[in-house]
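Per-entry structural report
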Amino acid sequence: MDRNDHIYVQSLLNTLVDIAGEGIVAIDIEENVTYLNTAAARLLGVESSDYIGKKMNELIEDTTLHRVMRTRELELGVVFNKNGREFIANRTPIFHKDRVIGALALFTDMTDYNRIDKALMSEREHSKVLETIFKTAYDWIVLVDPEGIVTMMSDSYLDFVSMSKEEAIGKHVTEVIPNTRMHIVAKTGKAEIGDIQEIKGNHMIATRLPVVVNGEVVGAVGKVNFKDISDFNTMAKKVTKMEKELEYYRDELKKERAGKYSFESIVGTSNGIMRVKNISKRAAKSDSTVLILGESGTGKELFAHAIHNLSTRANNPFIKVNCAAIPSELLESELFGYEEGAFTGAKKGGKLGKFELADKGSIFLDEIGDMDIKMQAKLLRVLQEKEIERVGASKTKRIDVRIIAATNKKLEDLVEEGKFREDLYYRLNVVTIQVPPLRERIADIKSLAKHLLSKLSHNMGIIVTNISDDAMHYLMNYRWPGNVRELENTLERALNLLDKETVIEAHHLPRKITENNDVASTDIEGFKTAIERLEKDMIVNCLKVVDGNKKEAAKRLGISRTSLYQKMEKFGL
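Residues numbered from 1 in each chain as written. Predicted model: local features only at pLDDT ≥ 70, side-chain atom pairs only at ≥ 80, totals over all residues. Heavy atoms only, no water.

**Quick notes on the sheet that holds strand 11 (residues 290-293)**
So the rule is basically this: For two strands to pair, DSSP has to find at least two bridges joining them. Secondary structure follows DSSP: runs of H or I at least 4 residues long count as helices, runs of E at least 2 residues long count as strands, and numbering of each begins at the N terminus. Lines fitted to the C-alpha atoms define the axes, with helices restricted to the stretch that makes contact. Angles between their N-to-C directions range from 0 to 180 degrees. By definition, residues are in contact when any of their heavy atoms lie within 4.5 Å.
Reading across the sheet, the five strands line up as 12-15-18-11-19 and stay open at both edges, with parallel pairing between neighbours. Each end of this open sheet is capped by a strand with a single partner; those strands are strand 12 (318-322) and strand 19 (431-434). Between one strand axis and the next, the sheet turns by 20° as a mean value, whatever way the strands run. Of the strand pairs in this sheet, strand 11 and strand 19 are connected by four bridges, and their pairing is parallel. By the bridge assignment, Val290 is partnered in strand 19 with Val431. Running at roughly 155° to strand 19, helix 13 (residues 271-284) makes contact with strand 11, strand 18 (402-407) and strand 19 of the sheet.

**Notes on the sheet that holds strand 1 (residues 23-28)**
The five strands are arranged 2-1-5-4-3 in an open sheet whose pairing can be described as antiparallel. Looking along the sheet, the strands with just one partner apiece sit at the ends: strand 2 (33-36) and strand 3 (75-82). For this sheet the average axis-to-axis angle between neighbouring strands, irrespective of direction, equals 30°.

**Here's the deal with the packing of aromatic side chains**
To keep it simple, the criterion reads: For this analysis, a ring pair means two rings from Phe, Tyr or Trp (six-membered ring only for Trp) whose centres lie within 6.5 Å, classed as stacked if their planes differ by under 30 degrees, edge-to-face if by over 60, and tilted for the remaining angles. For the exposure calls, accessible area comes from a 1.4 Å probe over protein chains only, and a residue counts as buried if that area is under 20% of its type's maximum, exposed if over 50%, partly exposed in between. In this analysis the charged atom, NZ for Lys or CZ for Arg, is taken to sit over a ring once it is within 6 Å of the ring centre and within 35 degrees of the ring normal.
Scanning all chains against the criterion turns up seven aromatic pairs. Centre to centre, the rings of Phe318 and Phe364 are 6.4 Å apart; their planes meet at 15°, and the pair counts as stacked. Within this pair, whereas Phe318 is found in strand 12, its partner Phe364 is found in strand 15 (residues 362-366), the two being separated by 46 residues in sequence. Plain terms: the ring middles of Tyr478 and Trp480 are 4.6 Å apart, the flat faces sit at 90° to each other, and that makes the pair edge-to-face. The same class applies to Tyr478 and to Trp480, which are both buried. In this structure an aromatic cluster arises from ring pairing among Phe80, Phe87 and Phe107. For the cation-ring pair, Lys281 lies above Phe263, with the distance from its terminal atom to the ring centre recorded as 5.7 Å.

**Things to note about helix 17 (residues 373-385)**
Our working rule: By definition here, a helix of n residues has an expected span of 1.5 Å times n minus one. Whenever a nitrogen or oxygen atom comes within 3.5 Å of another N or O atom, the pair is scored as a polar contact, on the condition that within protein one atom can donate a hydrogen and the other can accept it, and that pairs from neighbouring residues in sequence are kept only if both atoms are in side chains.
Across its 13 residues, helix 17 extends 19 Å between first and last C-alpha, which sits within 8% of the 18 Å expected from 1.5 Å per residue. Contacts from the buried residues of helix 17 go to helix 15 (328-336), helix 16 (354-357), strand 15, strand 16 (387-388), strand 18 and helix 19 (422-428). Its side-chain oxygen 2.9 Å from the backbone nitrogen of Lys374, Asp372 forms the N-cap of helix 17. Of the residues flanking the end of helix 17, it is Lys386, one or two places downstream, whose phi is positive at about 60°.

**Some thoughts on the confidence of the model for the protein**
Short version of the rule: Residue-level confidence of the predictor, termed pLDDT, takes values from 0 up to 100.
Model confidence for the protein is summarised by a mean pLDDT of 81, while 82% of its residues fall at 70 or above. When the criterion is pLDDT under 50, residues 4-9 qualifies, and its contacts beyond four places in sequence or with other chains add up to five contacts. For residues 517-525, every residue scores under 50 in pLDDT, and the model assigns this stretch nine contacts once sequence neighbours within four places are set aside.

**Overview of the environment of Thr108**
Position of Thr108 among the secondary structure elements: in strand 5 (residues 99-109). Expressed as a C-alpha distance, the spacing of Thr108 and Asn90, which sit 18 residues apart in the sequence, is 9.1 Å.

**Side note on the pairing of strand 7 (residues 150-153)**
Here three bridges tie strand 6 (residues 141-144) to strand 7, and the two strands are oriented antiparallel to one another. The partner of Leu143 across the bridge, within strand 7, is Met152. Between the end of strand 6 and the start of strand 7, which pair antiparallel, lie five residues, with Gly148 showing a positive phi angle near 85°.

**Regarding the nonpolar core**
Which entries qualify depends on this criterion: The criterion is simple. A nonpolar core is a set of buried Ala, Val, Leu, Ile, Met, Phe, Trp, Tyr and Cys residues joined through side-chain atoms within 4.5 Å.
Of all hydrophobic cores here, the largest spans 32 residues; its most connected members are Leu335, Phe355, Ile363 and Leu365. The element contributing the most residues to this core is helix 17, with five residues. Apart from the residues lying within four places of it in its own chain, the contact partners of Leu365 are Val321, Cys323, Leu335, Leu379, Ile403, Ile404, Ala405 and Ala406. Leu452, Trp480, Leu487 and Ile513 belong to the second-largest nonpolar core, a separate cluster that totals 25 residues.

**Describing the side chain of Ser311**
Secondary-structure assignment places Ser311 in the loop between helix 14 (300-310) and strand 12. In this structure the side chain of Ser311 is engaged in a polar contact, spanning 3.1 Å, whose partner is the backbone nitrogen of Arg313. Ser311 has contacts with Ala284 and Arg402, leaving out every residue within four places of it along the chain.

**What about the pattern of salt bridges?**
Two side chains of opposite charge can pair, provided their charged atoms sit close to one another. Defined as follows: For this document, the term salt bridge refers to a Lys or Arg side-chain nitrogen within 4 Å of an Asp or Glu carboxyl oxygen.
Enumeration over the complete set of coordinates arrives at 25 salt bridges. Linking Glu75 and Arg91 is a salt bridge whose minimum nitrogen-to-oxygen distance equals 2.8 Å. Here Arg91 lies in strand 4 (residues 85-96) and Glu75 lies in strand 3, a separation of 16 residues in the sequence. Looking at Arg91, the relative accessible area reads 5%, which means it is buried. Residues participating in the shared-partner salt-bridge network are Glu339, Glu356, Arg390 and Lys397.

**With respect to a negative patch on the surface**
Quick reminder of the rule: Only residues whose relative accessible area exceeds 30% and that take part in no salt bridge are eligible for patches, with like-charged residues grouped when within 9 Å of each other and nonpolar side chains (Val, Leu, Ile, Met, Phe, Trp, Tyr) grouped when within 5 Å. Each accessible area is a Shrake-Rupley estimate made with a 1.4 Å probe; only the visible protein chains count as cover when residues are assessed. Charge counting treats Lys and Arg as positive and Asp and Glu as negative, with His and both chain ends excluded. Every charge is mapped to an atom, namely NZ of Lys, CZ of Arg, CG of Asp or CD of Glu.
The grouping of Asp469, Asp470, Asp499, Glu501 and Glu505 at the surface amounts to a negative patch. Along the chain, Asp470 falls in helix 21 (residues 469-476). A relative accessible area of 42% places Asp470 in the partly exposed class.

**Remarks on helix 15**
Taken as a whole, helix 15 has its buried residues at Leu331, Ser333, Leu335 and Phe336. Buried residues belonging to helix 15 abut strand 12, strand 13 (337-338), helix 16, strand 15, helix 17 and strand 16. Positive phi shows up at Gly337, right after helix 15, with a value of about 80°.

In structure tokens form, the structure reads like this:
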């Protein structure tokens, strides 16, 4: 449904329910108000826009509308009060494929009906006015006295039952309207709302209310809300459809503000990357501030996403901010928001800041080492006080946000140079994660290259099956100063150079890679990896011999227990 169709359906729905004069309110499974028609807003004395998206109990404090979602059954004649007025409601759960996705209430103001009754019984002039209303009303309305005798009936209702006013008035209502219960309501004084009634083969939905004067039932007024049950079903389907659309857009917004990557998204099995993954998984279980360090292109953002998605905040927002990409004079309003009129050009109604958007979730402050020193002081206050202050505001607001920061700079050096606050550094440096550069995880290049190639070929619509051994040799022997991001860009460039080939060859790679003569560094890395593998094997074998006794293992290996523990953690043992 495009936007124009949606507007048309909304307008048509409002027109239908407002003509009937009934109030309609709908809620979703989380008890948020998703629909409030004009008639309902008028009856309750509110503005629809003020309550859409808010909790139902903010609209009606003692509401029990949510009950029908649990019982999955229709409720008739439920009385509630609002602003000193008494209402009667009919409530029903909203289903989608046998699943309850919300609830709908149709209600009317009993106060108005009682007022009509007083007008009928008090003055002749009022009776004439009411008679005129009944005569000209498009709605099907009937009024009976305590004995069930018809005293008034709208012309449209008379036409349907094929009777004149003279034939209907003065007769018992059962002689005029088939299957009616008006006389029962007039006798019992109990309202019946949303009752299904068959007249001439038509299944209608009717409302019957007792007319009460000074505590005494003096008659009943009835009204056909829907002249055919299919009309109600059509309206219910439209409401359900709009509810589904709202649910879709809510899910899309949630996806946009959610962490996109998990630890499974981080490719690699080298000791270095596995060690960082293990530390990050432990960090995810707490709410402590995390500082992710690493060179540009190493994948610091992936770790931030993964930590959020493994935390208890995973179902709440994950908001990203690149501190280096936003001018320092705009960063404060971007992070903390602003009030209406705070400065020239400020939006009407103000604007939420990133911290408010991240409330109950996580905020990822990337490139925090580039943050202006003045903004660092304001960020420190957020960390210390757990509250923010919008630009132009006179009061602060409490927030519950976990901070994950990242930088490719050495913050200790910036602290020494006076470019980064020492107190902020210690506040951020609670859990530190050092993401290794690609040159220190040579063993991961092959799996990374194949993973990136698969992703790129899919996105670009290019069929490629493999990377040749020769090309892979060059990839493995390059230092990768730009890390994983440079590897991805190199593969994307290679794909653009393919003609009819389905395999990336060495000549598809940049000359700086194929002409690289830095073999010594690769040999050193290979030697270092071999030494680590030897250390790991010796520790594993020794622990087996001593049945896991770490004290004895350290003694046999000729190292301290502290060194043994450090090496075991390093190797993931």
